[in-house]
Amino acid sequence: MTRTFKLSCIALVLSSASAQALTLDYRHEYKQDSKTQANRLKLSHTAPNGVFASVEGKMEESTKVQEDGFKEGNGSFSGSGSEWELGKNYVINDKLTLAPALNLDNGDKFVGYRVQVKAIYKLNENWVTTLRWRGGIQNDEDPNVADKNYNQFNWELGYANSHFSVMGDVERRFTNYDDYEGDNGYWLFNLTAAMPINKQWTPYTEIGYVPRYNTVDEEDEMEFRYRLGIKYNF
């Protein structure tokens, strides 16, 4: 799986040549306590009939376990896989849209298979709320490592006008394996703000409060995650 990042970049070029309406999304990430950085490049397209697809190339900083049991970045970057998604928006009425999708996460040492359904509800012309369920199976390349199964729920509430948008996200994941503090799951919180410059360019920023794992489960803690990104609509 070491070539997945390069293959994703090739896929981005090939996709951009065949699609008519595309969004290119670059995002940089930094975790405050872990001192780790990551980058993502994503190409997505939604057709007039509601079918949507995306491909994403990922690169992240390698980590090393410190004396306190936490991992920190070591300054070495490498491709960390790719992510592929295909789905369709079904417009139920002028307020409600349902969006089922299939997602493939091709990592360095694992492959993740996901199925999801997202409900998007317009409260009025400015406010929107969404609820997404995602079920996933992560298969490790090491046959001695058991598959990881989970059910994930995301609830969002957002406001948007012609000048800016803000979206809050609460994530809850239930797992069949020990996760945050040894429990079968975790909570995650995220806030995204965007301000379009014109019809093509939209910079955005995110701040998240996410799990940070220790070699000792009881020592797990939360940390802040900062992201800066920009979208270009072709």
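Everything that follows concerns the structure shown earlier in this document.
Computed from a predicted model, the values in this text were never measured in an experiment.

What about the packing of aromatic side chains?
Any two aromatic rings considered together are summarised by their centre-to-centre distance and by the angle between their planes.
Phase 1 of the analysis: Summed over the entire model, instances satisfying the criterion amount to 9 aromatic pairs.
Phase 2 of the analysis: Pairing Tyr 209 with Phe 224 gives two aromatic rings, centres 5.0 Å apart and planes at 45 degrees, and the pair type is tilted. You can see Tyr 209 sitting in strand 12 (residues 201–212) and its partner Phe 224 sitting in strand 13 (residues 221–233), a full 15 residues away along the chain.
Phase 3 of the analysis: Residue Tyr 209 is classed as partly exposed on the basis of its relative accessible area of 36%.
Phase 4 of the analysis: Seen in terms of ring centroids, Tyr 232 and Phe 234 are 5.0 Å apart; in terms of plane orientation they differ by 85 degrees. Their pairing is edge-to-face.
Phase 5 of the analysis: Residue class for Tyr 232 comes out partly exposed when judged on its relative accessible area of 24%.
Phase 6 of the analysis: Phe 234 sits in the exposed class, given a relative accessible area of 54%.

Looking at the environment of Lys 42
Phase 1 of the analysis: Inspection of the secondary structure assignment puts Lys 42 in strand 2 (residues 36–46).
Phase 2 of the analysis: In the structure, Lys 42 is positioned 13 residues away from Val 55 in sequence and 5.8 Å away in space, judged by C-alpha atoms.

Concerning a nonpolar patch on the surface
Phase 1 of the analysis: A contiguous nonpolar patch, built from Tyr 30, Phe 164, Val 166, Trp 187, Phe 189, Leu 191, Met 195, Ile 207, Tyr 209, Phe 224 and Tyr 226 and spanning about 950 Å² of accessible area, is present on the exposed surface.
Phase 2 of the analysis: Put simply, the parts of the chain that give the nonpolar patch at least two residues each are strand 11 (185–194), strand 12 and strand 13.
Phase 3 of the analysis: Per element, the largest residue contribution to the nonpolar patch is 3 residues, and it comes from strand 11.
Phase 4 of the analysis: Tracing the backbone through its elements, the reader meets Phe 164 in the loop between strand 9 (148–160) and strand 10 (165–175).

What counts and how
Residues numbered from 1 in each chain as written. Predicted model: local features only at pLDDT ≥ 70, side-chain atom pairs only at ≥ 80, totals over all residues. Heavy atoms only, no water. Phe/Tyr/Trp six-rings, centres within 6.5 Å; stacked < 30°, edge-to-face > 60°. Helix = DSSP H or I, 4+ residues; strand = E, 2+ residues; numbered from the N terminus. Buried < 20%, exposed > 50% of the residue type's maximum accessible area, 1.4 Å probe, protein only. Patch = residues over 30% accessible without salt bridge, like charges linked within 9 Å, V, L, I, M, F, W, Y side chains within 5 Å. Areas by Shrake-Rupley, 256 points an atom, 1.4 Å probe, with all protein chains shown as cover. Salt bridge = Lys/Arg side-chain N within 4 Å of Asp/Glu carboxyl O.

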